[in-house]
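Take a look at the letters that make up each chain.
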Amino acid sequence: MTKPIAISDSANFYVSAERIFDPTLKGVPVIVLSNNDGCAVARSDEAKALGIKMGEPLHLLRDKIAAHGVKVFSSNYTLYGDISRRVVEVYEDYTPKVEIYSIDECFLDFSGFRDRVTHARTMRRDVLRRVGVPVRVGIAATKTLAKCANDIAKKNPIFAGVLDMTDPALAAWLLPLVPVGDIWGIGRRTVKKLEGLGISTAAELRDMPLRQARALGTVVLERTVLELQGEPCIAFDDVEPQRKGMAVTRSSGKPMEDFDTVFQAITAHATRAAEKLRQHGLVAGTLTVFFHTNRHRADRPQYAGSRSKRLTPMSSDTLELVAAAKRCALAAWPKIENQSYGFTKAGVMLDDLLPLEDRPRTLFDAPQRSPVLMTALDAVNSRFGKKTMVLASEGMSRSWQLRANHRSPRYTTRISDLPVVR
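Residues numbered from 1 in each chain as written. Predicted model: local features only at pLDDT ≥ 70, side-chain atom pairs only at ≥ 80, totals over all residues. Heavy atoms only, no water.

## Section: the sheet that holds strand 3 (residues 40-43)
Operational definition: One requirement defines pairing of two strands: DSSP has to find at least two bridges between them. Per the convention used, a helix needs a DSSP run of H or I reaching at least four residues, while a strand needs a run of E reaching at least two, with both numbered from the N terminus. Each axis is a line fitted through C-alpha atoms, and for a helix only the stretch in contact is used; angles between axes span 0 to 180 degrees, taken between their N-to-C directions. Here, residues are in contact when the closest pair of their heavy atoms is within 4.5 Å.
Pairing within the open sheet is mixed, and its 3 strands lie in the order 3-2-4. Edge positions in the sheet fall to strand 3 and strand 4 (71-73), since each has one partner strand and no second. This sheet shows a mean twist of 25 degrees between the axes of neighbouring strands, independent of strand direction. Across the sheet, helix 1 (residues 13-20) lies against strand 2 (30-33), strand 3 and strand 4, angled at about 110 degrees from strand 2, the strand it touches most.

## Here's the deal with the domain arrangement of the protein
The criterion, for reference: Domain delimitation in this document rests on an assignment produced automatically or drawn from a domain database. Buried surface area refers to the total accessible area, computed with a probe of radius 1.4 Å, that the two partners give up upon joining, counted for both partners together. Any Lys or Arg side-chain nitrogen found within 4 Å of a carboxyl oxygen on Asp or Glu counts as a salt bridge. Ten residues, namely Ala, Val, Leu, Ile, Met, Phe, Trp, Tyr, Cys and Pro, are considered nonpolar, four, namely Asp, Glu, Lys and Arg, are considered charged, and the remaining ones, Gly among them, are considered polar.
Split into domains, the protein comes out as domain 1 (1-166), domain 2 (167-240) and domain 3 (246-394). For domain 1 versus domain 2, the separation of C-alpha centres amounts to 24 Å. Facing 24 residues of domain 1, the contacting portion of domain 2 comprises 21 residues. For the domain 1 face of the interface with domain 2, the top three residues by lost area are K143, T144 and M165, together amounting to 26%. Between domain 1 and domain 2 we count 1 salt bridge in total. Among the salt bridges present, the one from K155 reaches D182, with a minimum N-O distance of 3.0 Å. Of all the elements in the fold, those that place two or more residues in the side of domain 1 that touches domain 2 are strand 5 (98-102), strand 6 (105-109), helix 6 (143-155) and strand 8 (162-164). When residues of the side of domain 1 that touches domain 2 are assigned to their parent elements, the largest contribution, 8 residues, is made by helix 6. Looking at side-chain class alone, the side of domain 1 that touches domain 2 contains 12 nonpolar, 4 polar and 8 charged residues.

## Some details on the side chain of K147
Rules: Type-normalised accessible area, obtained with a 1.4 Å probe on protein chains alone, sets the label of each residue: buried when under 20%, exposed when over 50%, and partly exposed for intermediate values.
By secondary structure assignment, the location of K147 is in helix 6. Residue classification places K147 among the buried positions, given a relative accessible area of 12%. Residues in contact with K147, not counting those within four places in the same chain, are I7, Y101, E105, F107 and W184.

## Examining the packing of aromatic side chains
Selection rule: Aromatic contacts are taken between Phe, Tyr and Trp rings whose centres are within 6.5 Å, Trp giving its six-membered ring; a plane angle under 30 degrees counts as stacked, one over 60 as edge-to-face, and the others as tilted.
One pass over the full model with this rule turns up 18 aromatic pairs. An angle of 85 degrees between the planes, with centres 5.5 Å apart, marks the rings of Y101 and W184 as edge-to-face. Note that Y101 is positioned in strand 5 and W184 in the loop between helix 7 (168-174) and helix 8 (188-196), a separation of 83 residues in sequence. Judged by relative accessible area, which is 37%, Y101 ranks as partly exposed.

## Considering empty space enclosed by the protein
Note the cut-off: The pocket and cavity definitions rest on a 1 Å grid over protein atoms only: a 1.4 Å probe that fits but cannot leave marks a cavity, an open set with protein on both sides within 12 Å along at least five of seven lines marks a pocket, and residues lining either have an atom within 4 Å of a point. Grid points are joined across faces, edges and corners, and a volume is the space filled by probe spheres set on the points.
Under the counting rule described, the total for this entry stands at 2 cavities of 30 Å³ or more. Taken as a whole, the largest cavity holds about 50 Å³ of empty space. Mapped by element, the contributors of at least two residues to the lining of the largest cavity are strand 1 (5-10), helix 4 (77-91) and strand 6. Looking at the lining of the largest cavity, the element that brings in the most residues is helix 4, giving 4 residues.

What follows is the structure, given as structure tokens:
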């Protein structure tokens, strides 16, 4: 007998997080913007009803915002990450296994519970009471079916936010109502191929011959078909997989015109990447730096630079990563002088990650800097706030930083931003 798997996701998560600390936002249209205040990446139901589309640029929404009193927020990832952590803590009180899928979605092991619907509804109420975020729960025999159940629960109020689709008869009734494009892991190209074969619903995809599924969409589509048939093919992973790589990239708040400004941004990104390595007990073997212009600006010359460097020995030391990043940036810098490029994005990528204790050693390894220095740097920034202590090459003005003109306070992680009751 297969084990029931649930997936719980937060309703309009970024918007819900903003509403926790500002009750006046309830019932009014709200949107949250992407990095650099570019476009709408989260919308309340009221904003969706106004026709605001996912990914719609802010400059095209100005009239609608003014006419309907739409509340606009910049992304506040510090707040959203902490709210997500608190939601997971509630989940852990209701199941022995939680797999974090994204900032607003988690797979939950629901095996062993006799009345799963009651259990899920109790969990939903507890999340709302303890955190303030509404969630929906889909339950089924496989992850793919659980995602289908969750989507159905979102769109049909008759299920009151919880749908248990472990009953084959219920699945047989509901799957014909699920468009094939809404199925987890089915992309647009695959949808076109399937529709060309007359397959437009989850039920029709479930009945597709396995050999034909593999021929059309490789083993990935074959697994999806098996999952829709109730056969688990995507394992439940309650242990976070080891990272193989990471990236820290940002768009600039305004074009970066010279090397010093670009390198300030690269220093900040390399510093953050080194912090993340140490947080996970990892070291990196390869570092890549890139920066590029805005390809949509026809009035400026275009350029994209990128260079990689092996880190020998492998490292998570901020000073070593920044030094390697500078060599990469200098090598990638355009050789043509007197050109106003205006770079709009830069980033640092780390690959070949390994646990510190598994780092390969060679006979001629250079002496390692004492890790005490990095421990002290992390301790200062943890106690007194991020960016309390930085490398001088990161600069002080940071003109390259993202625009975030509408960001709410970091209510839960910064003492000065704590809400005050008067």
